[in-house]
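Each chain, letter by letter, is given below.
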Amino acid sequence: LMNRENRKIDTYNYSMNNFDNIIDTMLFCDQKDYLSSDILVKSDRNSMSVGIENRAPLLDHRIVEMAWKFPLDIKIHNGVAKWPLRQILHKYVPARLVDRPKMGFGIPAEDWLRGPLKSWASDLLSPASLLKDNFFDVENVQYILNQHMEGKYNWQVILWRLCAFQEWLKYR
């Protein structure tokens with residue numbers, strides 16, 4: 001973290017050597033590096049790209065400092081991570097929302113490629129378009145595109161990446 005004079009400050013007064021166990025050391029490394037250099041940067045870019053000011057209230061220094069005071073067996077209680085937070089949430093949020101597995105955010109590319117984006121994908125992955133720059137094997141791409149469009153196999157991940165690449169090629 002930086003203060004107003006652009007001098008580096010350590011808000012937690014910890015180093016990796018301050019921990020008795022590997023889990024707390026890993027949590028510290030995640031907080032100091034991965035969170036600030038990756039997750040928060042992506043969150044900020046994504047929200048600001050559409051004019052939304054994003055806040056992470058659980059990163060308030062008072063909450064973070066309190067959380068670091070919890071012993072490891074409270075942070076991960078009987079195999080349940082974030083146990084203190086879950087106990088608070090259970091008072092206000094239905095258990096089915098608190099106790100469910102972590103879920104990513106995925107787009108419905110499978111349906112989009114077969115529906116509203118079908119002509120866009122078909123144009124981008126047409127033999128003529130693919131032969132223009134000659135990056136991909138036309139027969140293989142046509143095979144997976146046809147399998148996907150006919151509902152024989154879900155090739156959404158590969159097709160979405162191919163379409164994104166082909167779209168990028170148009171503007172390079």
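How each quantity is defined
Residues numbered from 1 in each chain as written. Predicted model: local features only at pLDDT ≥ 70, side-chain atom pairs only at ≥ 80, totals over all residues. Heavy atoms only, no water. Phe/Tyr/Trp six-rings, centres within 6.5 Å; stacked < 30°, edge-to-face > 60°. Helix = DSSP H or I, 4+ residues; strand = E, 2+ residues; numbered from the N terminus. Buried < 20%, exposed > 50% of the residue type's maximum accessible area, 1.4 Å probe, protein only. Contact = heavy atoms within 4.5 Å. Patch = residues over 30% accessible without salt bridge, like charges linked within 9 Å, V, L, I, M, F, W, Y side chains within 5 Å. Areas by Shrake-Rupley, 256 points an atom, 1.4 Å probe, with all protein chains shown as cover. Salt bridge = Lys/Arg side-chain N within 4 Å of Asp/Glu carboxyl O. Axes fitted to C-alpha atoms, helices over the stretch in contact; angles between N-to-C directions. Parallel < 35°, antiparallel > 145°, perpendicular 65-115°, else oblique. Left-handed = near helix turned anticlockwise from the far one by under 90°.

Caption draft 1: Main features of the packing of aromatic side chains. Across all of its chains, the model carries eight aromatic pairs by this definition. Between Phe135 and Phe165 the ring centres are 5.1 Å apart and the planes differ by 85°, which places this aromatic pair in the edge-to-face class. Note that Phe135 is positioned in the loop between α8 (127-133) and α9 (138-149) and Phe165 in helix α10 (residues 156-171), a separation of 30 residues in sequence. Each ring, one from Tyr153 and one from Trp155, has its centre 4.6 Å from the other, and the planes form 50°; the classification is tilted. Residue classification places Trp155 among the partly exposed positions, given a relative accessible area of 21%. Following the ring pairs from residue to residue traces out a cluster consisting of Phe135, Phe136, Phe165 and Trp168.

Caption draft 2: Up close: the side chain of Gln142. Considering the arrangement of structural elements, one finds Gln142 in helix α9. Apart from the residues within four sequence positions on either side, Gln142 is in contact with Leu125, Ser126, Pro127 and Leu130.

Caption draft 3: Spatial organisation of a nonpolar patch on the surface. A contiguous nonpolar surface patch, about 430 Å² in accessible area, is contributed by Ile22, Ile23, Met26, Leu27 and Ile76. In terms of residues, the nonpolar patch owes the most to one element, helix α1 (residues 22-49), which gives four residues. Tracing the sequence through the fold places Ile76 in strand β1 (residues 76-77). Of the residues examined, Ile76 reaches a relative accessible area of 33% and is grouped as partly exposed.

Caption draft 4: Highlighting unusual backbone geometry. For Asn78, which is not a glycine, the phi torsion comes out positive at approximately 50°. Along the chain, the position of Asn78 falls in the loop between β1 and β2 (80-81). The exposure class assigned to Asn78 is exposed, which follows from its relative accessible area of 70%. Even without glycine at this site, Lys82 takes up a positive phi of about 55°. Its location among the elements puts Lys82 in the loop between β2 and α4 (83-92).

Caption draft 5: Structural context of the packing of α9 against α10. At a closest axis distance of 10 Å, the pairing of α9 and α10 adopts a crossing angle of 125°. If you check the angle between α9 and α10, you find them oblique. Helix-helix and strand crossings are classified by hand; for α9 and α10 the assignment is left-handed. For the pair formed by α9 and α10, the contact residues are Val141, Ile144, Leu145 and His148 on the first element and Gln156, Ile158, Leu159 and Leu162 on the second.

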